[in-house]
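# An overview of the molecular structure
Here is how the chains run, residue by residue.
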Amino acid sequence: MENIINLENNYYLKIGNINMLSYQLTDINQLKLNNIFRNKILLLKIDFNNINKTEYKNILKKFFYIKTIITKTKIKLGILKNSKILLGYVINYDKNNKEHNDFITGINAILFKRRYERYNYIYDTVCDFLDSGFYGKNLCDFKDNRCGEKRDTSITCGCCRHYRIKLIGPLTRLVVCEYLKEDHTCSAKCISCKLYTCDYLKSKGIKYRIKDILLLNVFFNPVQKYFIKYMVYTPKKKILRRLMFL
């Protein structure tokens, strides 16, 4: 069976074995609009041996820009084959390499036609990644419903507490997050909460930064990143709505 990577909007990438083509391949780290307009087609070659991971962000941003430009012209993005569109070829790809897969998810995000759909895909993909770092691993060292940070207290909800404004008396009071369910799972799918790491986790070398997560670093501006980081205790729908207006 032919090795392919399926992408959004009916696109796909072939893995290895670049066939003889009547079209010229364009190396993704050498994208130039003049050459693309001259060839009248953009068919990518992605060679992970020739791409420095420190350049992933710049390469994806440039591809995003060029894709936006050529979709308004008669330039073809990929080749139609058997009702699907071949976007290009990938060589020296390791499916078990997280950095390679992160780059491919960046390519995939670019292929969404609508901004909301792109943001939704990025949001879910990053949340799944963050969840995979915690689920089943008890990194917070919960014991008798108390995490490592709150071990010597009576708090059994970990960091799922926040201040709420009161109508009478002191201005605020500390309450359990309204999105924390009885089974101690979260109904909000809040990316900001998932990114948060307390001092206890940091002491174990666990820390998530937006600049280290390729999808967040590439596709959001500084103001959007601020809200992604600090909109804790907020459901996904509200966060996405805020990002759409920034």
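Quantities reported herein were computed from a predicted structural model and do not represent experimental measurements.

## Focus on the overall build of the protein
The helix and strand inventory of the protein stands at 9 helices and 10 strands. Its C-alpha atoms put the protein at 75 × 35 × 30 Å along the principal axes. Within the protein, the proportion of its 246 residues that are buried is 40%. Here the protein displays about 15,000 Å² of accessible surface, and carbon together with sulfur accounts for 51% of that area. The protein carries 45 positive and 21 negative side-chain charges, and their two centres are separated by 9 Å.

## So, the side chain of Gln224
Inspection of the secondary structure assignment puts Gln224 in helix H8 (residues 222-230). The class of Gln224 is buried, set by a relative accessible area of 2%. Ignoring anything within four residues of it in the chain, the contact list for Gln224 reads Arg115, Tyr119, Phe219, Leu243 and Leu246.

## A word on the packing of aromatic side chains
Inspection of every chain in the model, using the stated rule, returns 10 aromatic pairs. Ring centres of Phe48 and Phe103 lie 5.8 Å apart, and the angle between their planes is 80°; on these two criteria the pair is classed as edge-to-face. Of this pair, Phe48 sits in the loop between strand E5 (44-47) and helix H2 (56-70) while Phe103 sits in helix H3 (residues 98-110), and the two are 55 residues apart along the sequence. Per residue, the accessibility class of Phe48 equals that of Phe103, and both read buried. Between Tyr56 and Phe103 the ring centres are 4.8 Å apart and the planes differ by 55°, which places this aromatic pair in the tilted class. Taken together, the residues Tyr56 in helix H2 and Phe103 in helix H3 connect sequence positions 47 residues apart. Given the relative accessible area of 5%, Tyr56 is considered buried.

## A word on the packing of H3 against helix H4 (residues 115-132)
One can describe the packing of H3 onto H4 by two numbers: an axis separation of 9 Å at closest approach and a directional angle of 160°. Between H3 and H4, the angle falls in the class roughly antiparallel. H4 is crossed by H3, and the crossing has right-handed handedness. Side by side, H3 and H4 meet where Lys98, Thr105, Asn108, Ala109 and Ile110 of the first sit next to Arg118, Tyr121, Ile122 and Phe129 of the second. Taken together, the residues of the contact of H3 with H4 break down into 5 nonpolar, 2 polar and 2 charged.

## A few points about the environment of Tyr56
Each C-alpha atom of the pair Tyr56 and His100 lies 9.7 Å from the other, and the pair is 44 residues apart in sequence. Residues contacting Tyr56, with those up to four places away along its chain left out, are Phe48, Ile51, Glu99, His100, Phe103 and Leu214.

## Looking at the pairing of strand E2 (residues 11-15)
In terms of burial, E2 is a largely internal element, 4 of the 5 residues being buried. Two successive antiparallel strands, strand E1 (residues 4-6) and E2, enclose a turn made up of 4 residues, where Asn9 displays a positive phi of approximately 55°. Relative to strand E8 (residues 84-91), E2 runs parallel, the two sharing 5 bridges. Bridge assignment links Ile15 to a residue of E8, and that residue is Val90.

## Section: unusual backbone geometry
With phi around 55°, Asn82 is a residue other than glycine that occupies positive phi space. Within the fold, Asn82 resides in the loop between strand E7 (79-81) and E8. By relative accessible area, which is 76% here, Asn82 ends up exposed.

## Some details on helix H9 (residues 236-244)
Residues of H9 that are buried include every one of Lys236, Ile239, Leu240 and Leu243, and no others. Projected onto a plane normal to the axis of H9, the buried residues spread over an arc of 95° and lie on a single side. If you follow the buried residues of H9, they end up packed against H4, helix H5 (191-195) and H8.

Cut-offs used in this document
- Residues numbered from 1 in each chain as written.
- Predicted model: local features only at pLDDT ≥ 70, side-chain atom pairs only at ≥ 80, totals over all residues.
- Heavy atoms only, no water.
- Helix = DSSP H or I, 4+ residues; strand = E, 2+ residues; numbered from the N terminus.
- Buried < 20%, exposed > 50% of the residue type's maximum accessible area, 1.4 Å probe, protein only.
- Areas by Shrake-Rupley, 256 points an atom, 1.4 Å probe, with all protein chains shown as cover.
- Lys, Arg positive; Asp, Glu negative; His and termini not counted.
- Charge placed at Lys NZ, Arg CZ, Asp CG, Glu CD.
- Contact = heavy atoms within 4.5 Å.
- Phe/Tyr/Trp six-rings, centres within 6.5 Å; stacked < 30°, edge-to-face > 60°.
- Axes fitted to C-alpha atoms, helices over the stretch in contact; angles between N-to-C directions.
- Parallel < 35°, antiparallel > 145°, perpendicular 65-115°, else oblique.
- Left-handed = near helix turned anticlockwise from the far one by under 90°.
- Nonpolar A, V, L, I, M, F, W, Y, C, P; charged D, E, K, R; others polar.
- Pairing = 2+ DSSP bridges.
- Arc of directions from axis to C-beta.

Keep in mind these values describe shape, not function.
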